[in-house]
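# Geometric and topological summary
Below, each chain spelled out in residue letters.
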Amino acid sequence: MSTPYYLGFDLSTQQLKCLAIDDQLNIVTSVSIEFDRNFPAYNTKKGVYIKNGGVIDAPVAMWLEAVDLCFSQLAERIDLKRVQSMSGSCQQHGTVYWNCEHLPSNLDPASTLREQLQGSLSRPVAPNWQDHSTKKQCDELAESVGGPEELARITGSGAHYRFSGSQIAKIHETEPEVYEATKRISLVSSFLASVLVGDIVPLEEADACGMNLYDLSKHDFDETLLAVVDHDTARLRRKLSDPPVGAPTRESPLTSLGKVSKYFQDKYGVNCECEIFPFTGDNLATICSLPLQKNDVLISLGTSTTILLVTDQYHSSPNYHLFIHPTVPGYYMGMICYCNGSLARERVRDDLAGPQASQAPGEQVPWTQFNDALLDDSLSNDNEIGLYFPLGEIVPNVDAVTKRWTFERKENHSNKSIVLHELDQFTPKRKDAKNIVESQALSCRVRISPLLSDETDALSETQVLSKKENTQVTFDYDAFPLWTYAKRPNRAFFVGGASKNDAIVRTMANVIGARNGNYRLETPNSCALGGCYKAMWSWLKVHEPTTTPSFDVWLNASFNWQRDCEFVCQSDAAKWEQSNGKIQALSEAEAYVKALAQSQGQ
């Protein structure tokens, strides 16, 4: 028998990508359709239309054309009769509006998807995640349940302009004729799955968590939040094809959405037995592309910094996101987004290098001096803390600010307080390199701490001592005893441009303190690859249920660690212990800049 193939799609803002893998998880081929380049007639800019008032939409017909072009190119490269299953990911939070409850059956392979499905749309464009025109609706959603903290408790996130609930509410309010004509509403993920199946399929539960409408603990849409969108909540549930499909459980085993549409069988020669499994959101597919297990953390070091964490702890905050895990029941994906990442570090690098290091246009200032300072153990900064936010920050939520302090501890019975002393600059200035990387890593560490499971390992000496104290430490909406912030993740995986810098990765690794190693990966096609793995595992789980373990166990065993992942280092336990002493100082520093912003705002 020929080796089977598994397809994973990624419908992002600017392109549609598809990867094919074989049963050894080798990439067989890839196709990339770039919307602006391949479909110039739509006049999109980076895949979208930008209008006044912060409205950003994408033409759905363009996506339909992209699907046809993608399959046309796939058919030229591989035998599509060998494809066992398909899954994938799509840009999160977008919505597609259908004027029908079922798609037209028996599509003509001599025609195109656009020609035959465009008439099924009640709205020709889909809101894009970059849209920020829904402040009114966001405020109404939060107010309906008592504020942002309660909204986050219910839905896993505070109110965000891009989230689907506020977008649907705005369309109901400002385009009532469109809303009335709409029989079904898809997320972009369920839209693409519907096209492949040939009928409208339910939403996928993990992606539905990005709507500000879904109660994660109850696995159901929240009636109060639905009523903000449409007082006739039963009608809205019908439009949303309630209930969504979730990760498999004993009570609800995994099933496919259906066989691939006859249109793709007849037009492109796709295997008539090929099964379509639920598509999910792009960030959720990223965690499916890596062998992440409980308490593993993925740290993306790009222009901004993004943290993804697999957890069984439901601890919500308006400052970050929680989603139900797309494949493992009882688990969640935590997601923390920072504005300041590489840009902030590059400013320190340039300052240390000085004007003499300026390069020709297009050349980068070398990291030599920055890295040397990071790795210089003689450069002591134990009583120093800095916040480096050249851009307004999300976590903590403050305007652009850069501050440096030394600090000292004051004893008061069983409590310890921190006194900050502001500085114009550290002496020597090289300390900025250490302090910016350590403060960024420490911020990540304290934010993931409430999401980490309690470990049975013996407590460190610092934790044993601090358990005797009453010192409370506050970050964002949380106030816990100091010792609870000393949890350690299982493994840490570093991706993104700065992950290639050993000095930065090793420094962050020592602060975050993963127990079982720090790894580096290249993830240029993570969303599509996550779709491939999800397609393959889903097929195995349906057809070989007794021998196929849960997704995280399966991928951890099947993953080609030697080929696709690089071990960087073990965390230095002594340096991790040393960074414990800065947790309270970071809390005080963040409180200071928040208070400063409030006083300036008044």
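Keep in mind the model is a prediction, meaning the values are calculated, not measured. (Residues numbered from 1 in each chain as written. Predicted model: local features only at pLDDT ≥ 70, side-chain atom pairs only at ≥ 80, totals over all residues. Heavy atoms only, no water.)

What follows deals with the pattern of salt bridges. Scanning the model with the defined rule gives 33 salt bridges in all. Here R520 ties to E566 by a salt bridge, and the two come within 3.0 Å at their closest N and O atoms. Placement of the pair is R520 in strand β25 (residues 518–520) and E566 in strand β26 (residues 566–569), with a sequence separation of 46 residues. A residue is classified by how much of its surface remains accessible, and R520, at 12% relative accessible area, is buried. A relative accessible area of 40% places E566 in the partly exposed class. (Salt bridge = Lys/Arg side-chain N within 4 Å of Asp/Glu carboxyl O. Helix = DSSP H or I, 4+ residues; strand = E, 2+ residues; numbered from the N terminus. Buried < 20%, exposed > 50% of the residue type's maximum accessible area, 1.4 Å probe, protein only.)

Each assigned domain of the chain is listed with its residue range as follows: domain 1 (5–290 + 524–562) and domain 2 (338–494 + 502–513 + 572–601). Distance between the C-alpha centres of domain 1 and domain 2: 38 Å. (Domains from an automatic or database assignment.)

To continue, consider the nonpolar core. Ranked by size, the top nonpolar core spans 127 residues in total, and within it M211, L240, F370, Y533 and W554 carry the most contacts. At 9 residues, helix α19 (residues 526–543) tops the list of elements feeding residues into this core. Setting aside anything within four residues of it in sequence, one finds M211 in contact with F163, S164, G165, S166, I168, L187, L203, F221 and L240. The next biggest cluster of nonpolar side chains, apart from the first, holds 56 residues, and it includes F9, V195, Y263 and I276. (Core = buried A, V, L, I, M, F, W, Y, C linked by side-chain atoms within 4.5 Å. Contact = heavy atoms within 4.5 Å.)

Before going further, it helps to spend a moment on the packing of helix α16 (residues 431–448) against helix α23 (residues 583–601). In a packed pair of helices, the relevant descriptors are the angle between the two axes and the axis-to-axis distance. One way to put it is that α16 packs onto α23 with a least axis distance of 11 Å and a crossing angle of 95 degrees. Compared by their axis directions, α16 and α23 come out roughly perpendicular. Between α16, through L442, S443, R445, V446 and R447, and α23, the contact on the second element is made entirely by I583, L586 and E590. When its residues are assigned to classes, the contact of α16 with α23 shows 4 nonpolar, 1 polar and 3 charged. (Axes fitted to C-alpha atoms, helices over the stretch in contact; angles between N-to-C directions. Parallel < 35°, antiparallel > 145°, perpendicular 65-115°, else oblique. Nonpolar A, V, L, I, M, F, W, Y, C, P; charged D, E, K, R; others polar.)

Here the focus is the UniProt feature "domain: Carbohydrate kinase FGGY N-terminal" (unreviewed entry) in the chain. Mapped onto this numbering, the UniProt entry annotates "domain: Carbohydrate kinase FGGY N-terminal" (unreviewed entry) at residues 128–232. Taken end to end, residues 128–232 comprises 54% helix and 8% strand; its first and last C-alpha atoms sit 26 Å apart. (UniProt positions renumbered as here; feature names shortened; annotations may be inferred.)

All right, on to the sheet that holds strand β18 (residues 332–338) then. Strands in a sheet are paired, the pairing made by backbone hydrogen bonds, and the direction either parallel or antiparallel. Reading across from one edge, β17-β18-β16-β15-β24-β25-β26 is the order of the 7 strands in this open sheet, with mixed pairing throughout. Edge positions in the sheet fall to β17 (321–324) and β26, since each of these pairs with one other strand and no more. Put simply, the sheet's adjacent strands are angled 25 degrees from each other on average, direction ignored. Two elements, strand β16 (residues 305–311) and β18, share 7 bridges in a ladder whose sense is antiparallel. Bridge pairing in β18 places I307 opposite I336. Its contacts with the sheet place helix α18 (residues 502–512) against β15 (297–301), β24 (492–495), β25 and β26, and it is angled at close to 70 degrees to β26. (Pairing = 2+ DSSP bridges.)

The element strand β1 (residues 5–11) is extensively covered by neighbouring structure, given that 7 of its 7 residues are classed as buried. The sheet contact formed by β1 and strand β2 (residues 15–21) spans 6 bridges and is antiparallel. Bridge pairing in β2 links G8 to L19. Between β1 and β2, which pair antiparallel and follow one another directly, the connecting turn spans 3 residues.

With that out of the way, let us pick up the sheet that holds strand β5 (residues 56–59). Spatially, 3 strands are ordered β4-β5-β8 in an open sheet, and the strand pairing comes out antiparallel. Only two strands of the sheet have a single partner each, and these edge strands are β4 (49–50) and β8 (125–127). In the sheet, β4 pairs with β5 via 2 bridges, with the strands oriented antiparallel. Among the inter-strand pairings, I50 is bridged to a residue of β5, identified as I56. Each of β5 and β8 touches helix α2 (residues 60–77); the most contacted strand, β5, lies at about 40 degrees to it.

Another point: the packing of α19 against helix α20 (residues 551–558). Where α19 contacts α20, the axes come no closer than 11 Å and their chain directions differ by 115 degrees. Overall, the two elements α19 and α20 adopt an arrangement that is roughly perpendicular. In terms of crossing hand, the pair formed by α19 and α20 is right-handed. Seen from α19, the contacting residues are Y533, K534, M536, W537 and L540; seen from α20, they are F551, W554 and L555. (Left-handed = near helix turned anticlockwise from the far one by under 90°.)

Now for the packing of aromatic side chains. Counting across every chain of the model gives 23 aromatic pairs. Ring geometry for F493 and Y519: centres 5.3 Å apart, planes at 20 degrees, overall stacked. Here the residue F493 occupies a position in strand β24, and Y519 occupies one in strand β25, the gap between them amounting to 26 residues. Overall, the relative accessible area of 0% leaves F493 in the buried class. Geometrically, the ring pair formed by Y519 and F567 is edge-to-face, given 5.5 Å between the ring centres and 75 degrees between the ring planes. Of the two residues, Y519 is situated in strand β25 and F567 in strand β26; the sequence distance between them amounts to 48 residues. Using a relative accessible area of 43% as the deciding quantity, one classes F567 as partly exposed. Each member of the aromatic cluster is reached from another via a ring pair, and the members are F9, F71, Y263, F264, Y268 and F279. Note that R349 overlies the ring of W367, its terminal NZ or CZ placed 4.7 Å from the centroid. (Phe/Tyr/Trp six-rings, centres within 6.5 Å; stacked < 30°, edge-to-face > 60°. Lys NZ or Arg CZ within 6 Å of the ring centre and 35° of its normal.)

One can find S133 in the loop between β8 and α4 (135–145). Within polar-contact distance, the side chain of S133 engages the side chain of D131 at 2.7 Å. A distance of 2.8 Å separates a polar atom in the side chain of S133 from a polar atom in the side chain of K170. Residue contacts for S133: discarding those within four places in its chain leaves G53, G54, V55 and K170. (Polar contact = N/O pair within 3.5 Å; in protein donor to acceptor, adjacent residues only side chain to side chain.)

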